[in-house]
Amino acid sequence: MTSVIIIVAIALILSILYLIFRIGVLSNVMKGRYQKIVGTSNTVNSFLFIVVFVTGILAFYLSFMSAREHFLPEAASAHGVRTDLLFWVIMAVLTLAFLITHAVLYFFPFMYRFKEGNKAYFYPDNHTIERIWTIVPAIIMAGFVVYGYKEWSAITSPAPQGSEVIEVMGKQFAWQVRYPGADGKLGKYHYRKIDAINEFGIDFNDSASFDDFVPMELHLPKGKNVHLQIRSRDVIHSVFLPHFRVKMDAVPGMPTTFWFTPTISTAEMREITKNPEFNYELACTEVCGRGHYAMRFLVIVDEPADYEKWKASQKTWASLNAEYVATKAPKALQDLYLKEFLPSAGVVDTTIAAPIADTAKVAAVSTHDAHR
Amino acid sequence: MSAVNTSHSSADAHAHDEHDHHDLPWIRQYVFSEDHKYIAKQYLVSGIIWAIIGGLLSVLFRIQLGFPDADLTWLKPLLGEWIQNGKLDPEFYLALVTMHGTIMVFFVLTAGLSGTFSNFLIPLQIGARDMASGFLNMISYWLFFLSSVVMMISLFIKTGPASGGWVIYPPLSALPQAVNGSGLGMTLWLVAMVFFVASTLMGGLNYVTTVINLRTKGMTFTRLPLTIWAFFITAIIGILSFPVLVSAVLLLIFDRGFGTSFFLSEIYIGGEALHHEGGSPVLFQHLFWFLGHPEVYIVVIPALGITSEIVATNSRKPIFGYKAMIFSIVAIAFLSFIVWAHHMFVTGMNPFLGSIFMFLTLIIAVPSAVKGFNYIATLWKGNIIFTPAMLFSIGLVSFFLSGGLTGIVLGNSAADIQLHDTYFVVAHFHIVMGSASFFGMLAGVYHWFPKMFGRMMDEKLGYIHFWLTFIGVYLIFFPMHYIGIAGFPRRYYSWTGFDAFNTFTDLNEFISIAAIIVFAAQFIFIFNFFYSMFRGRVSTLNPWKSNTLEWTTPINPGHGNWPGAIPHVYRWPYDYSKPGAADDFIPQTVPFSATPESNFPHEKDEH
Ligand code: HEM
Ligand SMILES: [Cu+2]
Ligand SMILES: [Cu+2]
């Protein structure tokens, strides 16, 4: 990297010095009426185009090669592999177009610089040429559209049956995730039910809410389809999973979704990147205020078996906050889902459990129940 | 309008045009002037001042990005409480980015560019004594000034200026609870923009009416210089799109102040659930980008017009494909209205709509490519003179091509999923819109400075300015593509919190250094500009041997532009190096009857 910088800097400084050297900058600014002389500067300027082009292309090549190591590693999702290919295919065509047009653009000024006695070639138009360079880009664009459309419609097609549904909610300034639990169904929510404890606004009139759980990390099963249900509760955020090539805005009042298939587990990615510390991450890409740059959430891709094990080990949110839920849920649902987690009637615990209550307390509560 | 001085002969015009102003009170001459040339200069100087401010803001946040660990206590005298413990406040970072974007897009490259050159060149190049309404034109500038004052004040208030990005998406921009800048700062932003749009509309209506009605005899639409075509189309785009921004702004003002719910729904913030239900934040984005995308063409089309003129003049060749150039501008302008949602591929909008917008977006690449090729073909077999204006024009072509190319990959919705809101986008739009338009503006200043001030700018300083800026722009923005491909999100105060974005620290430092150098290099221009205004070499009548009408006015044209009758036009503006002609240029005022040696068979004067 540094070597590239040095090369570029040297090229820059040299060309500047050369120019300054040839300039008696302000000495004759005030002298007399202006008369146009096409002098040596004209040749110098035309020559500099060639210099800039050659050093520029060299710098392009070297800097690209050295920057590459910092690019994101290979896509860890099924569609990501394909959109990466799409990106690089288009970029290859664009780079070619860039090189050709710039070679010409920088070479012509040099070739056709002013020469005493020359006369420019009067050439106002040529319909054949113009038709060609209208049609050729049009054909290339049509190719891109078809290719892009194919990928885009595959990515945005409805999620396949049986996808793992996971809710991701953005707030200032953190992500939270909710899993549907054993019934595979996320409980309803309403923004007016949100408070300091119930950050999701989960609606406990819905029986599907009771087995939902809210972990501190986003676990994804390798090789299975994951269907993210995305929302926000304050301003717009945007779910960005860079390694999975996933991005979707989280909009208050308008839930969005994105489905994809993780293909590389965290453990495998650690091997690929030769970085034992490697972790997938979830970031925010829609400016959302002071902490926009700090909305990091840990993502872990498990082998399917580990994923199931992990899921089974998670305590439901309702069980961890049973006393709170008891104040919200109708009696019938309480009896059905909460009884075992609540202290016996009459004993009123005034301290309300934190969103993620410590297990010790929960354990204590359950033993208490068992004694009854 | 202003039929001033029609009896003077052009020989003594120079001596007499000083008298023109004597019947006007001082304040009408130098402050509330109605002379399009003076208003243009007012716009230009305002634009330069704003550009310095906007550039300074970018240097401040580049320091943060390039040197995240630096102790910034030394900035405390400038930024006061925004520096805490030697660190830039993250909220103020967002405010800097927001104001930088707003200033550059609207105040520099819309008002500063169109305001300067449409005002200056339209009457001069079509052969009119002034704008259709000098009064509206004056009001237009002073509304812009008012808007500038309001926006400027917002930089100094305690809660800071608007900080939700230049696109001010609600709910962030609607709720002071969400970010401090959405308090008074945002109110001032919105008020300033309403004045700004009013100013732009008055300007735009004036440009359009003037071009349609006040062309001199013989100046048909197919004899208009491409500059005028560009300004004309730009004004139309502005007239059609800016009102939509005002409507969005008004609805946002209602949501902020009067409890409506156009853009707000189901929000829990600051420990309370707000009453808003049923609004749509995405609706705002549609309205915003319905202006926002045409806006990028409002910014770039005048620059394309200016440079077409300059490239033809200094290649000593007709612009290649004059009609195709016009057609491309019109096509781009039309298409610019139906591609806005390519900024919104990942907002959750209907995927089918996404494909439609991808299709329409990629169509724009075709007329854009045609323009690029035509520029290059104009250089081919020219006899090129590298004035600073010419250098900046070639620079523009380079940016327009390289930045336009990356737009093609961004316009592809599937590829945009990963690239959206990363530094790849920042790189793309800075090259194609920011730098290209900036170069067009600089080219215009270098080229028409003699007409504006009767003196020449120093060429050598112009060359240094060009090469430093040209190379510097690529050093700043080219590496941003890499950073974007690596996924770095934009509007990030710092990336070190993420493992994925923890790299590229040296490259970011490099970019920041380049940005500081480029910023510093602009002072070469500013010195040259103000110094030459008073001390530059006196210009000749037609220093670039150009064909267009403005060079037939006296060196310092007075009010009314031509001391005598307005010249008639007999030919298109691109008769450079015509076979058979003695000189390598034939001004538009020369009748065919005077050039039998170079006329093509179909070229005869109409009677
Ligand atoms: C010295 C030259 C400039 C430098 C170094 C620079 C740098 C930057 C950077 C790094 C950002 C992204 C900041 C972030 O996302 O955190 C940015 C944003 C932006 N810049 Fe510039 N810029 C320059 C000139 C310009 C010009 C000439 C324009 C005119 C179009 C412009 C328009 C914008 C806009 C519209 C944004 C987006 C603001 C937002 O995110 O709301 N910049 N600039
Ligand atoms: Cu966020
Ligand atoms: Cu756009």
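Residues numbered from 1 in each chain as written. Chains lettered and ligands numbered in written order. Predicted model: local features only at pLDDT ≥ 70, side-chain atom pairs only at ≥ 80, totals over all residues. Heavy atoms only, no water.

Draft legend 1. Focus on the overall build of chain A. Counting its secondary structure elements, chain A contains 10 helices and 9 strands. In chain A, which comprises 372 residues, the share counted as buried stands at 49%. The contacts in chain A between residues at least 6 apart in sequence include a share of 71% that link residues at least 24 apart. Counting every atom, chain A has about 17500 Å² of accessible surface; 64% of that belongs to carbon and sulfur. (Helix = DSSP H or I, 4+ residues; strand = E, 2+ residues; numbered from the N terminus. Buried < 20%, exposed > 50% of the residue type's maximum accessible area, 1.4 Å probe, protein only. Contact = heavy atoms within 4.5 Å. Areas by Shrake-Rupley, 256 points an atom, 1.4 Å probe, with all protein chains shown as cover.)

Draft legend 2. Representation of the overall build of chain B. From N to C terminus, chain B includes 16 helices and 4 strands. Whereas a compact globule of 607 residues would reach a radius of gyration of roughly 25 Å, chain B reaches 25 Å, a difference of no more than 12%. With the C-alpha coordinates aligned to their principal axes, the bounding extent of chain B is approximately 80 × 50 × 45 Å. Expressed as a percentage of the 607 residues in chain B, the buried residues total 70%. When contacts within chain B are restricted to residue pairs at least 6 apart in sequence, long-range pairs at least 24 apart make up 77% of them. Carbon and sulfur atoms make up 69% of the accessible area of chain B, which amounts to about 18200 Å² in all. Within chain B, the 34 negative side-chain charges are centred at a point lying 9 Å from the centre of the 28 positive side-chain charges. (Rg over C-alpha atoms; globule rule 2.2 N^0.38 Å. Lys, Arg positive; Asp, Glu negative; His and termini not counted. Charge placed at Lys NZ, Arg CZ, Asp CG, Glu CD.)

Draft legend 3. Geometry of the packing of helix 9 (residues 281-315) of chain B against helix 11 (residues 351-379) of chain B. Residues and elements named next belong to chain B. Closest axis-to-axis distance for the helix 9/helix 11 pair is 9 Å, and the angle between their directions is 20°. By the criterion of interaxial angle, the relationship of helix 9 to helix 11 is roughly parallel. By crossing handedness, the relation of helix 9 to helix 11 is classed as left-handed. Along the contact surface, helix 9 presents Tyr-297, Leu-304, Thr-307, Ser-308, Val-311, Ala-312 and Ser-315, while helix 11 presents Ile-364, Lys-371, Tyr-375, Thr-378 and Leu-379. Classifying every residue of the contact of helix 9 with helix 11 by side-chain character gives 7 nonpolar, 4 polar and 1 charged. (Axes fitted to C-alpha atoms, helices over the stretch in contact; angles between N-to-C directions. Parallel < 35°, antiparallel > 145°, perpendicular 65-115°, else oblique. Left-handed = near helix turned anticlockwise from the far one by under 90°. Nonpolar A, V, L, I, M, F, W, Y, C, P; charged D, E, K, R; others polar.)

Draft legend 4. Looking closely at the coordination of the iron atom of ligand 1. Residue and element names in this part refer to chain B. The protein atoms that coordinate the iron atom of ligand 1 are His-100 (NE2) and His-430 (NE2), at distances of 1.9 to 2.0 Å. Seen from the iron atom of ligand 1, its 6 donor atoms lie at angles of 85 to 178°, and the figure they make is octahedral. Taken together, the residues span a long stretch of sequence, with His-100 in helix 5 (residues 90-126) and His-430 in helix 14 (residues 423-453) at a distance of 330 residues. Of the two residues examined, His-100 and His-430, each falls in the buried class. (Donors = N, O, S within 2.8 Å, 3.2 Å for Na, K, Ca; no water. Tetrahedral: all angles 85-135°; square planar, octahedral: opposite > 155°, others 65-115°.)

Draft legend 5. Spatial organisation of the site of ligand 1. Residue and element names in this part refer to chain B. In the vicinity of ligand 1 there are 25 residues, among which Tyr-93, His-100, Trp-166, His-430 and Arg-491 approach most closely. The separation between an oxygen atom of ligand 1 and a polar main-chain atom of Trp-166 is 2.7 Å. One of the side-chain N or O atoms of Tyr-423 is found 3.4 Å from an oxygen atom in ligand 1. Within the residue set of the shell around ligand 1, elements represented by two or more residues are helix 3 (36-66), helix 5, helix 14 and helix 15 (459-485). Considering only residue class, the shell around ligand 1 consists of 16 nonpolar, 6 polar and 3 charged. (Near = heavy atom within 4 Å. Polar contact = N/O pair within 3.5 Å; in protein donor to acceptor, adjacent residues only side chain to side chain.)

Draft legend 6. A look at the pattern of salt bridges. Summed over the entire model, instances satisfying the criterion amount to 26 salt bridges over all chains. Note that Asp-499 of chain B and Arg-296 of chain A form a salt bridge whose closest N and O atoms lie 3.3 Å from each other. Of this pair, Asp-499 of chain B sits in the loop between helix 15 and helix 16 (505-535) while Arg-296 of chain A is found in the loop between strand 8 (280-284) and strand 9 (297-302), placing the two residues in two different chains. Residue Asp-499 of chain B is classed as partly exposed on the basis of its relative accessible area, which comes to 40%. Where Asp-584 of chain B meets Arg-316 of chain B, a salt bridge forms, and the shortest distance between an N and an O atom there is 2.9 Å. (Salt bridge = Lys/Arg side-chain N within 4 Å of Asp/Glu carboxyl O.)

Draft legend 7. Structural view of the nonpolar core. Phe-244 of chain A together with Phe-117 and Phe-529 of chain B are the most contacted members of the largest nonpolar core, which has 285 residues in total. With 22 residues, helix 5 of chain B is the single largest residue contributor to this core. Among the domains, domain 1 (40-113 + 130-157) and domain 2 (164-362) of chain A are the pair contributing at least three residues each to this core. In contact with Phe-117 of chain B, other than residues within four places in its own chain, are Ile-122, Phe-231, Ile-306, Met-441, Gly-444, Val-445, Trp-448 and Met-452 of chain B. The next biggest cluster of nonpolar side chains, apart from the first, holds 18 residues, and it includes Met-169, Ala-326, Leu-333 and Leu-338 of chain A. (Core = buried A, V, L, I, M, F, W, Y, C linked by side-chain atoms within 4.5 Å. Domains from an automatic or database assignment.)

Draft legend 8. Representation of empty space enclosed by the protein. Residues and elements named next belong to chain B. Counted according to the given criterion, the structure contains 7 cavities of 30 Å³ or more. Estimates place the volume of the second largest cavity at around 170 Å³. Lining the second largest cavity are 18 residues; nearest its centre among them are Thr-110, Ser-114, Thr-200, Gly-204 and Tyr-207. Mapped by element, the contributors of at least two residues to the lining of the second largest cavity are helix 5, helix 7 (184-213) and helix 8 (226-257). When grouped by side-chain class, the residues that make up the lining of the second largest cavity number 7 nonpolar, 11 polar and no charged. (1 Å grid on protein atoms, 1.4 Å probe; cavity = no way out; pocket = protein on both sides within 12 Å on 5 of 7 lines; lining within 4 Å. Points joined across faces, edges and corners; volume = space filled by probe spheres on them.)

Draft legend 9. Fine view of the interface of chain A and chain B. Taken together, the contact pairs 118 residues of chain A with 138 residues of chain B. For the interface between chain A and chain B, the tally reads 5 salt bridges. The partner of Glu-286 of chain A in a salt bridge is Arg-491 of chain B, with the nearest N and O atoms 3.7 Å apart. Joining chain A to chain B, the criterion identifies 35 residue pairs in polar contact (both at pLDDT 80 or more). The element contributing the most residues to the side of chain A that touches chain B is helix 3 (residues 78-111) of chain A, with 16 residues. Grouping the constituent residues of the side of chain A that touches chain B by class yields 71 nonpolar, 26 polar and 21 charged.

Draft legend 10. Up close: the sheet that holds strand 3 (residues 218-221) of chain A. Residues and elements named next belong to chain A. Strand order in the open sheet made by the 5 strands is 3-9-8-5-6, with mixed pairing throughout. With one partner strand each, in any of the chains shown, strand 3 and strand 6 (246-250) form the two edges of the open sheet. Here the strands of the sheet are splayed against their neighbours by 25° on average, with no regard to which way each runs. Two strands pair when backbone bridges link them, and strand 8 and strand 9 are joined in this way by 3 bridges, in the antiparallel orientation. When the bridges of strand 9 are listed, Leu-282 appears paired with Phe-297. Together, strand 3 and strand 9 form the strand contacts of helix 6 (residues 304-313), whose direction differs from that of strand 3 by roughly 140°. (Pairing = 2+ DSSP bridges.)

Draft legend 11. Expanded view of the coordination of the copper ion (ligand 2). Residue and element names in this part refer to chain A. Distances from the copper ion (ligand 2) to its protein donors, namely His-237 (ND1), Cys-284 (SG), Cys-288 (SG) and Met-295 (SD), fall within the range 2.1 to 2.4 Å. Considering all 4 donor atoms around the copper ion (ligand 2), the spread of angles at the metal, 97 to 122°, places the coordination shape in the tetrahedral class. Coordination of the copper ion (ligand 2) draws on donor residues from a single chain, spaced H-x46-C-x3-C-x6-M in sequence. With Cys-284 in strand 8 and Met-295 in the loop between strand 8 and strand 9, this pair connects stretches of sequence that are 11 residues apart. Residue class for Cys-284 comes out buried when judged on its relative accessible area of 0%.

Draft legend 12. Main features of the domain arrangement of chain A. Residues and elements named next belong to chain A. You can read the domains of chain A as domain 1 (40-113 + 130-157) and domain 2 (164-362). One C-alpha centre belongs to domain 1, the other to domain 2; they are set 42 Å apart. The interface of domain 1 with domain 2 comprises 14 residues on the first partner and 16 residues on the second. Roughly 1200 Å² of surface becomes buried between domain 1 and domain 2 when both sides are summed, with 58% attributable to carbon and sulfur atoms. Of the charged contacts, one joins Arg-245 and Asp-84 as a salt bridge, the two residues approaching to 2.7 Å between their closest N and O atoms. (Buried area = accessible area lost by both parts, 1.4 Å probe.)

Draft legend 13. Focus on unusual backbone geometry. Cis geometry is adopted by the peptide bond preceding Phe-173 of chain A, which originates at Gln-172 of chain A and carries an omega value of -10°. The topology assignment puts Phe-173 of chain A in the loop between strand 1 (164-171) and strand 2 (174-178). The omega torsion across Pro-170 of chain B and Pro-171 of chain B is 5°, close enough to zero to call that bond cis. As for its placement among the helices and strands, Pro-171 of chain B is situated in the loop between helix 6 (134-154) and helix 7.

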